[in-house]
Amino acid sequence: MAAAEPKPPAGAGAAAARRLARSCWSAFWDYETPKVIVVRNRRLGVVYRVVQLLILLYFVWYVFIVQKSYQDRETGPESSVITKVKGITSSEHKVWDVEEYVKPPEGGSVFSIITRIEVTPSQAQGTCPESVRVTNATCDSDEDCVAGELDMLGNGVRTGRCVPYYHGASKTCEVSGWCPVEDGASVSQFLGKMAPNFTILIKNSIHYPKFQFSKGNIEMRKDGYLKHCLFDEASHLYCPIFRLGFIVERAGENFTELARTGGVIGVVINWDCDLDLPASNCNPKYSFRRLDPKHTPASSGYNFRFAKYYKINGSTTRTLIKAYGIRIDVIVHGQAGKFSLIPTIINLATALTSIGVGSFLCDWILLTFMNKNKVYSHKKFDKVCTPQHSPGSWPVTLALVLGQAPPPPCACSTDPGRPQDEGQSQAQAVPPPRPGPTSAPSEQMVDTPDRGAGPGPPQQDSTLTDPRGLAQL
């Protein structure tokens, strides 16, 4: 049987724990510095400086000047919009004022201006032919119409009779509902004759709660300024009164075509404010564009229906109106920024860290593609063998605390081709290091042509044959 391992003496664990604590506390205050190697190679130096310059230009120009990353930002201001339309127009039968062609009349951020209507007058509850546009509405006899059938896209409940249509020789199924149906007796009227001259007041105010900043798009004057001004980006920026024709033109649309088919125009107000500058530099920017898909035949244009009800001889009658118009959507967005120390520090730290990418790239080129990569590798990386453990070293102390035997000493050689005993004898013969300066050592390497083979023994790298240099590391 193998001899039993000797147990550590009593109290050795506590003493070892104290030594371990003292060693960790002492190691905590050690300072480590990297080794610096200077490579005198013009091409590699040019690559290194160009990469650093590009990174520096990116952060200075784009990050700090264009993006203004030194600012704290708030997006999406609190906003209110009030609109008011003025103007009159005429159709083939009557004169229209604001109360009739603006829907809804509340003056919100979304409203419609009617430019064309199809009127079905004097509708009342009764029976009449179904529209030919409804699926399966045409018929040849009563057998083709099912009594009580309700088509969700139709105009009423079918009575089971097949009757002549309003005009022509065709027949459709009879329905019970509001008669006559829309397609049978509608009259079209165009209101867009004077519509380009309608004026629209768009009153907007915004607030950024993070910075307690508020502003509006109307100039604070008391001389009746808004009564005789129209918007002009250069001379009347704070007169938000727009002609409807101006809005449609800036959106790139033809007014006559848009008035006949209808459409949706967006008025976008952008408030981008740099609050490091005076409040007078925070101004609204207006843009206009069409929002609905005009090139989609299935859903092009914009229209809606409404009815006006009245009584004739005690019976309820209505006038059905299908309205085509220009819908205006006022959209407000923006962002505000103001200098803040925290994003400035974060972006500066990121910039300084990113400059190190140049060193990483040049190290990769140096160790991978340069013709002396082995020499550079030996200079950059030092292989240091772990010395034998002394009784007071921290591996031995840790083993004693855990109640285990200390780890065996590590034997290594500095030269793979040298016997182990010779390496150990030379390592033991190394004299103690001389005291030197505390700053990081620096080596300078000059990229010179390789020396040809000459008389005498070949020269070896100092890091492989000079143990004193290893001891001084």
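As the structure is a prediction and not an experimental result, all values here were calculated from the model.

Calculation criteria
Each chain carries its own residue numbering, running from 1 in the written order of its sequence. Given that the model is predicted, a residue must reach a pLDDT of at least 70 before its local features are reported, and side-chain atom pairs must reach 80 or more before they are shown or counted; all residues, however, enter totals for whole chains, interfaces and linings. Just so you know, side-chain values use all the structure's heavy atoms and leave hydrogens and water out. Numbering goes from the N terminus for both helices and strands, where a helix is a DSSP run of H or I of at least four residues and a strand is a run of E of at least two. When a residue's accessible area, from a 1.4 Å probe over protein chains only, is under 20% of the maximum for its type it is buried; when over 50% it is exposed; and in between it is partly exposed. Under the convention used here, a 1.4 Å probe and the Shrake-Rupley method define accessible areas, while residue burial counts only the protein chains that appear. The patch calculation keeps residues exceeding 30% relative accessible area without a salt bridge and links them within 9 Å when they carry like charges or within 5 Å when they are nonpolar (Val, Leu, Ile, Met, Phe, Trp, Tyr). Just to be clear on terms, a salt bridge is a Lys or Arg side-chain nitrogen sitting within 4 Å of an Asp or Glu carboxyl oxygen. For the charge count, each Lys or Arg is scored as positive and each Asp or Glu as negative, with His and the chain ends excluded. Positions of charges follow a simple convention, taking NZ of Lys, CZ of Arg, CG of Asp or CD of Glu. Ring pairs shown here join Phe, Tyr and Trp side chains whose ring centres sit within 6.5 Å, with only the six-membered ring taken for Trp; geometry is labelled stacked below 30 degrees between planes, edge-to-face above 60, and tilted in between. To qualify as a nonpolar core, a set must consist of buried Ala, Val, Leu, Ile, Met, Phe, Trp, Tyr and Cys residues joined through side-chain atoms within 4.5 Å. Residue contacts are counted whenever heavy atoms from the two residues lie within 4.5 Å of one another. What counts as an axis is a line fitted to C-alpha atoms, over the stretch in contact for a helix, and the angles between N-to-C directions run from 0 to 180 degrees. Working definition: roughly parallel below 35 degrees, roughly antiparallel above 145 degrees, roughly perpendicular at 65 to 115 degrees, and oblique for all remaining angles. In this scheme, a crossing is called left-handed if the near helix is turned counterclockwise away from the far one by less than a right angle; it is called right-handed if the turn is clockwise. UniProt positions are given in the numbering used here, feature names are shortened, and annotations may be inferred rather than shown by experiment. What pLDDT reports is the predictor's confidence in each residue, on a scale of 0 through 100. What a helix should span is 1.5 Å times the count of its residues minus one. In this context, the arc is that of the directions from the helix axis out to the C-beta atoms. Strand pairing follows a simple DSSP-based rule, namely that at least 2 bridges must link the two strands. We call a pair of cysteine sulfur atoms a disulfide whenever their separation is within 2.5 Å.

**Points about the overall build of the chain**
Scanning the chain from N- to C-terminus turns up 13 helices and 18 strands. The buried share among the 473 residues of the chain stands at 33%. Carbon and sulfur atoms form 58% of the exposed surface of the chain, whose accessible area is close to 30200 Å².

**As for a positive patch on the surface**
On the surface, a cluster of positive charge is contributed by Lys84, Lys86, Lys203 and Lys227. By the element assignment, lysine 86 lies in strand E3 (residues 78-86).

**A word on the packing of aromatic side chains**
The full count for this structure, using the stated rule, is 18 aromatic pairs. Ring plane angle 85° and centroid distance 5.2 Å describe the contact between tyrosine 58 and phenylalanine 59, whose orientation is recorded as edge-to-face. Using a relative accessible area of 9% as the deciding quantity, one classes phenylalanine 59 as buried. Pairing tyrosine 302 with phenylalanine 304 gives two aromatic rings, centres 5.9 Å apart and planes at 45°, and the pair type is tilted.

**Structural notes on the nonpolar core**
Ranked by size, the top nonpolar core spans 50 residues in total, and within it Tyr101 and Leu244 carry the most contacts. If we skip the residues at most four places from it in the chain, leucine 244 touches Ile113, Ala195, Pro196, Phe198, Ile200, Phe255, Ile326 and Ile328.

**Topic: the packing of helix H2 (residues 42-66) against helix H7 (residues 341-354)**
Relative orientation of the contacting elements H2 and H7 amounts to 160°, with a least axis distance of 9 Å. Between H2 and H7, the crossing angle belongs to the class labelled roughly antiparallel. Pair H2 / H7 crosses with right-handed handedness. Contacts between H2 and H7 involve Ile55, Phe59, Val63 and Phe64 from the former and Asn347, Leu348, Thr350, Ala351 and Ser354 from the latter.

**Side note on the environment of threonine 138**
Within the fold, threonine 138 resides in the loop between strand E7 (110-129) and strand E8 (156-164). Each C-alpha atom, one on threonine 138 and one on lysine 171, is 5.7 Å from the other, the two residues being 33 residues apart in sequence.

**A short note on the UniProt feature "transmembrane region" (unreviewed entry) in the chain**
The sites that carry the UniProt feature "transmembrane region" (unreviewed entry) are, in the present numbering, residues 46-64 and 348-370. End-to-end, the C-alpha atoms of residues 46-64 are 26 Å apart, and along that stretch the chain is 100% helix and 0% strand. Secondary structure content for residues 348-370 is 83% helix and 0% strand, and the end C-alpha separation is 33 Å.

**Topic: the confidence of the model for the chain**
Scored by pLDDT, the chain has a mean of 80; 77% of the residues are at 70 or more. Low pLDDT (under 50) marks residues 448-473, which in the prediction has 22 contacts with non-local residues, meaning those over four places away or in another chain.

**Some words on unusual backbone geometry**
Of note, the amide linkage connecting lysine 103 to proline 104 takes the cis form, showing an omega dihedral of -15°. Structurally, the position occupied by proline 104 is in the loop between strand E6 (102-103) and E7. Cis geometry marks the peptide bond from cysteine 179 to proline 180; its omega dihedral reads 0°. Of note in this structure, lysine 68 is not a glycine but carries a positive phi near 50°. Its place among the elements puts lysine 68 in the loop between H2 and strand E2 (71-75).

**Details of the pattern of salt bridges**
Here the structure, examined in full by the defined rule, presents 11 salt bridges. With its nearest N and O atoms 2.6 Å apart, the salt bridge here joins lysine 94 to glutamate 100. Exposure remark for lysine 94: the relative accessible area of 33% places this residue in the partly exposed category. One salt bridge in this structure joins glutamate 182 and arginine 305, with 3.1 Å as the shortest N-O distance.

**Re a negative patch on the surface**
Taken together, the side chains of Asp140, Asp142, Glu143 and Asp144 make up a negatively charged region of the molecular surface. Residue placement: aspartate 144 occurs in the loop between E7 and E8.

**Some thoughts on helix H1 (residues 12-28)**
The end-to-end C-alpha separation of H1 is 24 Å, in line with the 24 Å expected for 17 residues at 1.5 Å each. For H1, the set of buried residues is Ala12, Ala15, Ala16 and Leu20. What you see down the axis of H1 is that its buried residues fit within an arc of 140°, all on one side. The outward face of H1, more than 90 degrees from its buried face, is lined by the exposed residues Arg22, Trp25 and Phe28.

**Notes on H7**
For H7, with 14 residues, the first-to-last C-alpha span of 20 Å sits near the 20 Å given by 1.5 Å per residue. Residues of H7 that are buried: Pro343, Thr344, Asn347, Ala351 and Ser354. Each buried residue of H7 sits inside an arc of 100° when the element is viewed along its axis, so together they form one side. Turned more than 90 degrees away from the buried face of H7 sit Leu341, Ile342, Ile346, Leu352 and Thr353, all of them exposed. The secondary structure elements touched by the buried residues of H7 are H2, E2, strand E17 (315-339) and helix H8 (357-368).

**A closer look at the pairing of strand E9 (residues 171-179)**
Where E7 meets E9, 6 bridges bridge the pair, whose relative direction is antiparallel. Opposite threonine 127, over in E9, you have serine 176 as the bridge partner. Inspection of the sheet shows E8 paired to E9 by 6 bridges, in the antiparallel sense. Residue pairing for E9: proline 164 is matched across the bridge by lysine 171.

**Structural notes on the packing of H2 against H8**
Their axes nearest at 9 Å, the elements H2 and H8 cross at an angle of 155°. One element, H2, and the other, H8, form an angle in the roughly antiparallel class. Classified by chirality, the crossing of H8 by H2 is right-handed. Each of Leu44, Val47, Tyr48, Val51 and Ile55 in H2 lies in contact with H8, whose residues at this interface are Val357, Gly358, Ser359, Leu361, Cys362, Ile365 and Leu366.

**Overview of the state of the cysteines**
Evaluation of the coordinates by the stated rule reveals 5 disulfides. Here cysteine 229 pairs with cysteine 239 through a disulfide, and the sulfurs are 1.9 Å apart. Sign of the S-S torsion, about 90° for the bond between cysteine 229 and cysteine 239, identifies this disulfide as right-handed. In this pair, cysteine 229 is assigned in the loop between strand E12 (213-216) and strand E13 (241-243) and cysteine 239 in the loop between E12 and E13, connecting sequence segments 10 residues apart. The pair formed by cysteine 229 and cysteine 239 is uniform in burial state, with each residue classed as buried.

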